[in-house]
Every structure is written in structure tokens, then in C-alpha cells.
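# Structural features, examined
One letter stands for each residue in the lines below.
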Amino acid sequence: MSRAQFEERFFGVLRWIVIAFLAVITVLPFYYMLLLSLKPIDALLLDPGSLWVSTKDFTLSTYRDVLRSTDDGGQGFLKFLLNSALVSLGTVALTLLAAVPGAYAISRLKFFGHRQVSALFLAVYLFPATLLAVPLFVVFAKLHLSSSLVGLAIVYVAQTVPVAIYMLKNYLVTIPYSIEEAAALDGLSRLQTLRKVILPLALPSLMATGLYVFMIAWNEFLFALLFLAADPGKWTVPLGLAQLSNGVEVPKTVLMAGSVVLTIPVILLFFAAERMLTEGLTSGADKS
Amino acid sequence: MTTAPADTGQRRHTGDGSPDRPTEDGRRPMTASRRANRAGLAFVSPTFVVVLVVVILPILWTVLLAFQHARLVDIQGMGLFGHWTLDNFDQVFGSAGFWSSLGTTLLYTVGATFGSIALGLIAALALRKPFRGRGLLRAAMLLPYVAPVVAVSFVWEVALSPQYGIVNEWGRRLFGWDDPIAFLSTRAYEVHLLGLHFDIPLALLTVIAFETWRYFPFAFLFILARLQAVPDGLEEAALVDGATPTQRFRHILLPQLMPVIALLCVLRFILTFNKFDDVYLLTGGGAGTDVAAVRVYDFLTARYDVGAAAAQALVLAVALMILMGLYFKFFGNKVQEESS
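The shown structure was predicted, so the numbers you read here are calculated from the model rather than taken from an experiment. (Residues numbered from 1 in each chain as written. Chains lettered and ligands numbered in written order. Predicted model: local features only at pLDDT ≥ 70, side-chain atom pairs only at ≥ 80, totals over all residues. Heavy atoms only, no water.)

## Let's talk about the overall build of chain B
Which entries qualify depends on this criterion: Helix numbers and strand numbers start at the N terminus; a helix is a DSSP run of H or I with at least 4 residues, a strand a run of E with at least 2. Here the term buried applies to any residue with accessible area under 20% of the maximum for its type, exposed to any over 50%, and partly exposed to those in between, with areas from a 1.4 Å probe on protein chains only. Should any heavy atoms of two residues lie within 4.5 Å, those residues are counted as being in contact. Per-residue accessibility takes into account occlusion by the displayed protein chains alone, with areas from the Shrake-Rupley method and a 1.4 Å probe.
Scanning chain B from terminus to terminus reveals 14 helices and two strands. The buried share of chain B, taken over its 340 residues, is 51%. Expressed as a percentage of contacts within chain B between residues at least 6 apart in sequence, the contacts between residues at least 24 apart total 63%. Surface exposure of chain B reaches about 16700 Å², of which carbon and sulfur atoms provide 63%.

Structure (C-alpha cells):
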């Protein structure tokens with residue numbers, strides 16, 4: 001057997017092994033999370049290695065426990081879900097509002113200093129969140145905005161605006177210039193062109209960017225911990241879950257139910273728009 | 001919605017900014033480039049103001065705070081410019097474990113960056129050619145990246161637990177482990193190999209594995225997108241010449257992928273270097289995983305020492321800039337190629 005033949009065969013087999021391995025490491029943890037959330041803690045302790053749940057053990061009480069309000073002896077995750085939704089949607093709206101004109105300007109218009117501004121927006125994306133955490137923590141303490149959901153949304157805007165500009169810009173440069181010239185000939189001003197021509201064309205990119213921003217805001221943990229830790233009524237789901245894990249009396253299965261509740265909205269959104277999102281993220285990566 | 005409000009808004013806009021008609025004093029109409037210049041500045045300014053207020057000014061303020069005595073209790077009465085001091089840096093550099101934490105951060109970052117890009121590359125190569133279920137697998141493979149870090153770090157914590165974790169249970173059944181291994185709280189795990197004893201930093205390796213697992217989809221996405229843009233002709237020609245798969249990878253694909261890999265190295269390095277939540281949630285910074293970002297958080301919340309926290313964050317950022325400077329000095333061209 002020649003070297004080429006050997007290699008073809010070897011990599012042919014190896015490829016399937018790799019594919020199986022990837023499927024296992026990406027799906028199994030999520031399956032495990034779901035599995036544990038559906039059984040009582042005794043069943044877990046009795047047989048930690050089990051990969052399924054027997055019908056006699058199957059229970060949804062973990063979810064009841066997590067979602068029920070604290071007054072009824074639950075963990076109040078419905079409230080946290082609402083808080084998370086408010087903060088995330090607010091962040092998406094504010095971020096897009098702030099990012100669209102800037103992304104349009106740096107992708108289309110050759111104004112004085114546009115290279116510098118464009119580089120600045122990109123550089124900001126790479127600044128550490130910890131550098132931001134300190135002053136924002138102080139400012140919000142001063143303004144009495146700590147433990148406020150509005151304050152948190154503003155902090156998230158700081159986190160997401162740069163990446164939103166980057167994604168939108170990459171898409172906008174692909175829209176042919178002639179479309180805009182045609183619009184200008186029809187007597188539309190720039191603002192009208194942006195609103196009536198460019199934005200509808202960029203809708204897929206706007207959705208992808210919005211979705212990505214939503215995910216960042218929904219998953220965020222550090223700032224929620226810094227700003228809201230003292231006020232349980234304002235907790236977002238990630239913070240609620242993290243605080244729950246510190247309580248010794250909460251069974252791990254209930255924690256897993258909380259994890260599922262936190263993860264499901266993101267995964268649903270993601271599968272609904274997977275193609276759009278991946279293209280939005282990587283556009284610009286494939287040109288050399 | 002009617003169009004009337006929009007129209008009035010439009011008229012106001014042209015009234016302010018439109019330089020289309022000659023001005024009263026008879027000057028020539030503006031050239032197209034000047035018009036674009038004005039429009040550009042007008043469009044970019046709202047975004048610029050937002051970025052300035054929520055990002056740039058806070059960062060500048062961090063720099064100021066790092067040189068002042070500032071605890072959260074007295075911040076209320078403090079002006080922007082207090083007494084300048086270098087005490088915070090004394091404290092940061094002098095505090096126990098500063099240098100070891102910087103070393104830990106570096107190990108963690110290099111390990112996780114390398115791991116996630118290597119795994120992403122392998123995944124992209126394996127999923128390059130279509131097969132049944134590829135779309136589904138590709139989507140599933142992005143799960144670690146999009147799922148909330150709090151949820152996935154719990155799953156790892158539970159799965160790796162010595163008491164009720166599935167990993168230790170299966171390890172005992174399949175590999176005959178005698179004692180359960182505490183992956184997340186063992187600073188040094190003694191390994192016996194060929195009669196030699198040595199310690200491996202188990203908790204640190206575990207968080208590196210976690211970070212690799214969580215971020216390989218990101219590298220995978222970018223590398224796959226680039227792979228699919230490689231012209232078919234190149235590889236066909238190599239195939240005709242009898243190149244083996246490794247040769248084709250080494251001489252055809254890798255040169256094509258180098259720019260995107262270089263860009264990923266920069267991005268992942270920067271983002272991992274500053275990573276806080278993964279390590280904090282998994283180990284709380286214990287067992288030899290005290291990365292610098294967790295120390296910033298500790299200064300801020302355990303002692304409410306804003307000045308020290310700012311100084312620590314600043315040291316972190318400067319260290320990062322130095323590393324990036326070195327990187328660009330040696331690999332700058334490749335990254336430039338990709339991002340331009």
C-alpha cells in the first residue's frame with residue numbers, strides 16, 4: 001500500500017472518530033444537564049453513573065421548585081426570567097440604536113478620520129471588561145444606579161456596542177453602492193436611504209447582530225454579580241443560579257433544573273437563526 | 001404608522017445639513033467628498049458619543065483611580081483628581097502571589113488559546129466535506145459557545161464532582177480508579193509514570209480544558225468559513241500530482257488558513273487573558289487557578305478597595321499590551337492581511 005493510499009484510508013477512518021468525539025463532547029453535557037434535572041437527588045446519589053432516568057424516578061418537581069416564587073417556598077426563577085428578558089431586550093434595542101449609524105458611516109462614508117474611528121471601535125472591543133468594571137461600579141454607586149436593571153442594561157451596551165458595530169459593518173460593505181446612488185437619484189436623502197433602503201436590505205444582519213447581543217446580555221454574569229448581588233428582587237437568571245449554588249441546602253438536581261431554564265431560551269433562539277448568526281459572525285473571515 | 005412624522009423629520013434634516021443648493025452668499029455647492037465628509041461625521045457622532053461615555057471615559061477613569069487612594073466608602077466625596085499616589089501599585093506588586101498569578105494567567109491563556117484553536121481546526125477539517133447530518137452536528141457543536149457560562153460551568157462541576165459526578169463513577173468502572181479525583185480542587189496531582197513521580201496542576205488543566213471546550217466552536221466557525229472559500233482547483237491540482245492528505249494539508253490548506261488562525265490567536269488570547277467568569281465559577285480562583293481577572297474582582301468586592309482593583313486591572317491591561325506588541329512585531333503581517 002502506498003503512502004497516499006494509507007493516508008487516505010487512515011484519515012477516512014479518523015474523520016469519523018473525530019466526528020463521533022465532537023458529537024459526544026458537545027451534546028453529552030447538555031443531555032446530562034437535562035437528565036439530572038429530571039430525577040430526584042436520591043436517584044443521583046444512588047447511581048451517579050446512570051445515563052438515563054427510570055420512569056419511577058422521573059420527576060418535574062425540580063422545575064416546580066425552581067420556578068415557584070420565593071413566597072411559596074420556591075426559588076423564584078420566573079421573576080429572574082422576567083428580569084433577564086427585560087435587561088436583554090433593552091440591551092438589544094439600545095445597542096442597535098447606537099451601533100447602526102456608526103456602522104453605516106464607517107462602512108460607507110469617507111469622512112475625515114474614518115480610519116481612526118473605525119480602528120478605535122475595533123480596539124474598544126478588545127479592552128478588558130475588568131477595566132470597565134471598576135469605574136462603572138463606582139459611577140453606579142455614586143448615581144445610586146447599582147441594583148437597577150436600567151444601569152445593568154447600560155453596562156451591557158458598553159460590552160456589546162463594539163462587536164455590534166463590527167458585525168454590522170462587515171455586512172453593510174457588501175451592499176452594492178449603486179443601490180444607494182439610485183436612491184439618491186430618486187431624491188432620497190441619506191437618512192431616508194438608510195431607513196428605507198439600507199436597513200431593509202440589512203435586516204438579516206440586524207437580526208443576527210441583535211441575536212448575538214441578546215445572547216451576550218442573557219448569559220452575562222460578572223456585572224450582574226457586581227451590581228445586583230445585594231438585591232434578590234433584581235437578580236437575572238445567571239446570578240440567581242450562581243447564588244442558588246452557594247446555598248448548601250439546594251439539591252444539585254434543582255440546580256440543574258435552573259440551568260436548563262437558563263439555557264433553553266438561548267438554545268431555542270439559536271436554533272431558530274443558526275445559519276444567519278454564524279454567517280453574521282464570520283462574514284469577512286473568508287476573504288483573503 | 002403614518003408617514004407624516006417621518007417626513008417632517010426629513011425636512012428638518014435637509015434644512016440643517018443639506019449642502020445641496022448653493023448658499024446665499026453665492027459660494028459653489030460643496031463637492032461630493034465634502035458632503036460625504038459631513039454626512040459621515042453626522043452619522044458616526046451618536047455612536048461615537050455612546051462609545052465615549054460608556055467605554056472610553058470609564059477606562060480613562062480607571063487609569064486615574066489606579067493612582068489614588070480610593071475605597072468605595074470615601075468615593076462619594078472624592079473629586080476626580082485626588083491625591084496622586086503609587087501605593088496601589090506597591091500593594092498590587094507586593095501582594096502575596098502576584099507574580100505567580102500572572103504566571104497562572106499566562107499558562108491558562110496560552111493553553112486555552114492553543115487548545116481551542118487546535119480543536120476548532122480539527123473539527124473544521126472533519127466537517128469540511130458534506131455528510132448526512134452535518135448541518136445538525138455543526139449547529140450542535142456551537143452549543144458550548146452560545147450556552148450561558150453559569151449553566152455549563154455547573155454541569156462540569158457536577159459531572160466532575162468526586163461524590164456524585166459521572167466522570168469519577170465511569171472512571172472507576174472503566175479504568176479502575178481507586179480514589180475519586182477532585183478535578184477542580186486539586187492543586188497538584190501526583191502522577192506515577194515509569195517509576196517517576198511528578199505533579200501536574202490538575203485544577204488549572206481542568207479549567208484550560210473547560211475553556212478549550214467552550215471556545216473551540218468559535219475557532220471552528222471562522223476556520224470552516226475560510227476553508228470553504230479555498231478554491232477547488234488548488235487541491236485538485238495537488239491531488240493529480242499525487243500529494244497525500246497530510247501533504248495537501250501542509251502545503252495547500254495551511255498557508256491559506258494561516259491568516260485566519262493568526263487573527264484567532266490574537267482574539268482568543270486577548271479575550272481569554274481577561275476572562276473572569278469561567279474560572280470564578282469553576283474554582284473561585286482556588287487550587288492554583290487564581291488568574292489576574294479574579295484578583296481584580298477580589299480587590300473590588302472583598303475589600304472594596306477601588307484603587308487597588310483599578311491598579312490590578314491596569315497592570316493586567318499593560319501586560320496584555322506588551323504581549324500584543326511582541327506578537328505584532330513578529331506576526332503582524334499575517335493579522336493585518338486578514339483584518340484588512
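From this point, things continue past the structure.
## Concerning helix α7 (residues 149–160) of chain B
All names here are of chain B. Rules: Any helix carries an expected span of 1.5 Å times its number of residues minus one.
Counted at 1.5 Å a residue, the expected span for α7 with its twelve residues is 16 Å, and the 16 Å between its end C-alpha atoms agrees. Within α7, eleven of the twelve residues are buried, leaving the element largely enclosed by the surrounding structure. Among all positions in α7, only Val149, Val150, Ala151, Val152, Ser153, Phe154, Val155, Trp156, Val158, Ala159 and Leu160 are buried.

## A few points about the interface of chain B and chain A
Quick reminder of the rule: Two parts placed together each lose some accessible area; with a 1.4 Å probe, that loss summed over both constitutes the buried area. In what follows, salt bridge is the name for a side-chain nitrogen of Lys or Arg lying within 4 Å of a carboxyl oxygen of Asp or Glu. We define a polar contact as two N or O atoms separated by no more than 3.5 Å, with the added condition that, inside protein, one atom must be a possible hydrogen donor and the other a possible acceptor, whereas residues neighbouring each other in sequence contribute only through side-chain atom pairs. The nonpolar class holds Ala, Val, Leu, Ile, Met, Phe, Trp, Tyr, Cys and Pro. Asp, Glu, Lys and Arg form the charged class, and all remaining residues, Gly among them, are polar.
Across the boundary between the two partners, chain B contributes 100 residues, which contact 102 residues of chain A. When chain B packs against chain A, the two sides together hide about 8600 Å² of surface, and 77% of this comes from carbon and sulfur. On inspection of chain B and its partner chain A, the count reaches one salt bridge. A salt bridge links arginine 248 of chain B to glutamate 8 of chain A, with the shortest nitrogen-to-oxygen separation between them at 3.6 Å. At the junction of chain B and chain A, the tally comes to eleven residue pairs in polar contact (both at pLDDT 80 or more). In terms of residue count, helix α2 (residues 32–66) of chain B provides more of the side of chain B that touches chain A than any other element does, 19 residues in total. The class makeup of the residues in the side of chain B that touches chain A is 76 nonpolar, 16 polar and eight charged.

## Topic: empty space enclosed by the protein
Note the following rule: Definitions used for this entry: grid spacing 1 Å over protein atoms alone; cavity, a set of points where a 1.4 Å probe fits but cannot get out; pocket, an open set with protein on both sides within 12 Å along at least 5 of 7 lines; lining residue, one with an atom within 4 Å of a point. Grid points are joined across faces, edges and corners, and a volume is the space filled by probe spheres set on the points.
For the coordinates displayed, the defined rule picks out four cavities of 30 Å³ or more. A volume near 850 Å³ is recorded for the largest cavity. Taken together, the residues of the lining of the largest cavity sort by class into 26 nonpolar, four polar and five charged. Estimates place the volume of the second largest cavity at around 50 Å³.

## Section: the UniProt feature "transmembrane region" (unreviewed entry) in chain B
Residue and element names in this part refer to chain B. Applicable threshold: UniProt positions are given in the numbering used here, feature names are shortened, and annotations may be inferred rather than shown by experiment.
UniProt tags residues 40–64, 106–127, 139–156, 202–224, 252–271 and 306–328 as "transmembrane region" (unreviewed entry). End C-alpha atoms of residues 106–127 are separated by 31 Å, and the span's content is 95% helix alongside 0% strand. Regarding residues 139–156, the helix share stands at 83% and the strand share at 0%, and the terminal C-alpha atoms are separated by 21 Å.

## Details of the packing of helix α6 (residues 129–142) of chain A against α2 of chain B
A pair of packed helices is captured by two measures, namely the crossing angle of their axes and the spacing between those axes. Counted only if it meets this: Axes, fitted as lines to C-alpha atoms, cover a helix only where it is in contact. Angles between the N-to-C directions of the axes lie from 0 to 180 degrees. Roughly parallel means an angle under 35 degrees; roughly antiparallel, over 145; roughly perpendicular, 65 to 115; everything else is oblique.
Interhelical geometry of α6 of chain A versus α2 of chain B gives an angle of 90° and a closest axis separation of 8 Å. Here α6 of chain A lies roughly perpendicular to α2 of chain B, going by the angle between them. Touching Leu131, Leu132, Val134, Pro135, Leu136, Val138 and Val139 of chain A of α6 of chain A are Val54, Val55, Pro58, Ile59, Trp61, Thr62 and Leu65 of chain B, all from α2 of chain B. Looking at the contact of α6 of chain A with α2 of chain B residue by residue, the class counts come to 13 nonpolar, one polar and no charged.

## Considerations on the packing of helix α1 (residues 3–37) of chain A against helix α11 (residues 245–273) of chain B
Between α1 of chain A and α11 of chain B, the least distance of the axes is 8 Å, while the angle of their chain directions is 85°. Regarding the angle of α1 of chain A to α11 of chain B, the classification is roughly perpendicular. Here Arg3, Ala4, Glu7, Glu8 and Phe11 of chain A of α1 of chain A come into contact with α11 of chain B, specifically with Pro245, Thr246, Gln247 and Arg248 of chain B. Each residue belonging to the contact of α1 of chain A with α11 of chain B can be placed in one class, and the counts come to three nonpolar, two polar and four charged.

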